[in-house]
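# Structural characterization, general
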Amino acid sequence: MTEVTAEENIVETTNLVKFYGKKCVVYNLNLSVPKGGIFGFLGPNGAGKSTTIKMLLGLLRPTSGQIKIFGKNLKAARVDILKRVGYLPEKPILYEKMTVLQFVTFMARLHGVKKNPKKRALEMLDFFGVGKHILSQCRELSAGQRQRVGLAQAFVHDPEFIILDEPTTNLDPLGRMQIFEKLRYLVEEENKTIFISSHILPEIERLCDYVGVINQGTLVASGSLGEIIAKTVNNEFVIVVDRPNILMRKIGELPYILQSNEKDYQVIVSVDPEHVKAFVKDVMNIIMENDMLLKSFKPLYMPIEKMFIDALGIRSKSELENVME
Ligand SMILES: Nc1ncnc2c1ncn2[C@@H]1O[C@H](COP(=O)(O)OP(=O)(O)OP(=O)(O)O)[C@@H](O)[C@H]1O
Ligand SMILES: [Mg+2]
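From a predicted model like this one, the values you see are computed outputs, not experimental measurements. (Residues numbered from 1 in each chain as written. Chains lettered and ligands numbered in written order. Predicted model: local features only at pLDDT ≥ 70, side-chain atom pairs only at ≥ 80, totals over all residues.)

Reading across from one edge, S13-S14-S12-S15 is the order of the 4 strands in this open sheet, with antiparallel pairing throughout. Of all strands in the sheet, those with a lone pairing partner are strand S13 (257-263) and strand S15 (294-299), marking the two edges. Mean inter-strand twist for the sheet, computed between neighbouring axes without regard to direction, equals 15°. Here strand S12 (residues 236-241) runs beside strand S14 (residues 266-271); their pairing, made up of 5 bridges, is antiparallel. Residue pairing for S14: Val240 is matched across the bridge by Gln266. In the packing of helix H9 (residues 244-252) onto the sheet, contacts are made with S12, S13 and S14, and the angle to S13 comes to roughly 170°. (Pairing = 2+ DSSP bridges. Helix = DSSP H or I, 4+ residues; strand = E, 2+ residues; numbered from the N terminus. Axes fitted to C-alpha atoms, helices over the stretch in contact; angles between N-to-C directions. Contact = placed C-beta atoms within 7 Å.)

Positionally, Ile214 belongs in strand S10 (residues 210-215). Owing to 25 C-beta atoms within 10 Å, Ile214 belongs among the buried residues under this scheme. In the structure, Ile214 is positioned 156 residues away from Gly58 in sequence and 20 Å away in space, judged by C-alpha atoms. Setting aside anything within four residues of it in sequence, one finds Ile214 in contact with Phe41, Gly43, Ala47, Gly48, Lys49, Leu219 and Val220. (Buried ≥ 20, exposed ≤ 12 C-beta atoms within 10 Å, placed from the backbone.)

What follows covers the packing of helix H3 (residues 100-110) against helix H4 (residues 117-127). Where H3 meets H4, the closest approach of the two axes is 8 Å, and the angle between their N-to-C directions is 120°. It follows that H3 is oblique to H4 by the angle criterion. Judged by the sense of rotation from one axis to the other, the crossing of H3 with H4 is right-handed. Contacts between H3 and H4 involve Val100, Leu101, Val104, Thr105, Ala108 and Arg109 on the former and, on the latter, Pro117, Lys118, Arg120, Ala121, Leu122, Met124 and Leu125. Here the contact of H3 with H4 is composed, by residue class, of 9 nonpolar, 1 polar and 3 charged. (Parallel < 35°, antiparallel > 145°, perpendicular 65-115°, else oblique. Left-handed = near helix turned anticlockwise from the far one by under 90°. Nonpolar A, V, L, I, M, F, W, Y, C, P; charged D, E, K, R; others polar.)

The next point concerns the site of ligand 1. Ligand 1 sits among 13 residues. The nearest are Tyr20, Asn45, Lys49, Ser50 and Thr51. Those elements that provide at least two residues to the shell around ligand 1 are strand S2 (23-29) and helix H1 (49-56). The element that contributes the greatest number of residues to the shell around ligand 1 is H1, accounting for 3 residues. Tallied by class, the residues present in the shell around ligand 1 amount to 3 nonpolar, 7 polar and 3 charged. (Near = placed C-beta within 6 Å.)

Every buried residue of H4 is listed here: Pro117, Arg120, Ala121, Met124 and Leu125. One face of H4 carries all of its buried residues, which in axial projection span an arc of 135°. In this structure, H4 carries Lys119 and Asp126 as exposed residues pointing more than 90 degrees from its buried face. Among the structural elements, H3 and helix H5 (143-155) are those in contact with the buried residues of H4. One or two positions beyond H4, positive phi appears at Gly129, with a value near 75°. (Arc of directions from axis to C-beta.)

We now examine the domain arrangement of the chain. Segmenting the chain into domains produces domain 1 (6-230) and domain 2 (235-300). Centre-to-centre separation of domain 1 and domain 2, based on C-alpha positions: 43 Å. (Domains from an automatic or database assignment.)

The subject of this paragraph is H5. Between the first and last C-alpha of H5 there are 19 Å, a value that for 13 residues agrees with the 18 Å anticipated at 1.5 Å per step. Here H5 lies mainly inside the structure; 10 of its 13 residues are buried. Taken as a whole, H5 has its buried residues at Gln145, Gln147, Arg148, Val149, Gly150, Leu151, Ala152, Gln153, Ala154 and Phe155. For H5, the elements touching its buried residues are strand S7 (85-88), H3, H4, strand S8 (161-165) and helix H6 (173-190). (Expected span 1.5 Å × (residues − 1).)

Here is the structure:
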């Protein structure tokens, strides 16, 4: 894990605990969010992501533990801290009867934007691609448009730290890509720190610099994306060739294969982790010696999926899909 000093962390929680009645949903959570970059907060449904986020924003009182944001105690300096924080809730709360522009201008004023709040609102709506809809009433918006308006209001007061609770659930694939580009721009060009919760693993892998995985209220893995990728040992592979039957037969003769099967022209192989290098070499030899056409040879899981699988003790791709749906 990256060594980060307290000064470089935007968020530090110490033994954070939250009970709802007798039910413990966050347990001894020690979370460090480094300054700059995008931090992906990953976890299955009900893991405690939104509960943690609400505690970071002072919207929910922790049962015990400490939260520091910008190096200050949240309890003691709540108002000062929250001026510098933006938030997009899981379900964006908009004022339904206002127009989009009225709403975001109102939010700008509420957050203390003194100099031309309407101009700032327009800029942010344009930035997040709501241009056409600024004069529509909020209640007329589609789910994806609401999310974009929610993003515009989260950034309208130019906060340093922005918490986005599942910001892309309602966006189409193109919309997601556009929003990712915008978030990246804000981090690179405007030095923002963005904290984003999600259960879409490939999305986090593409977008984030740091990752924390929460399960049943406990942090089960964390680190920079680079470290995660470097540490990942993938021992399961998917191979596509023109003659999978021959490949299956030849692979079956290798001594370190744990499991192999063919499904829909794809050969899926699980290898003893100690012999991954030999496996890659042997497969290439089999392909060349048998004059096969190699169409694809890739790990079964992306690094972040693998990290998630290891952290949660998941045993198969279908179990992973069930957990993350
Ligand atoms: N107000 C509440 N009262 C009682 N239990 C609650 C309350 N809010 C959340 N919970 C429970 O706390 C646990 C964590 O919920 P939370 O909303 O933090 O999960 P999450 O990780 O954000 O999940 P999702 O991915 O579905 O958004 C869940 O078991 C949920 O049922
Ligand atoms: Mg949630």
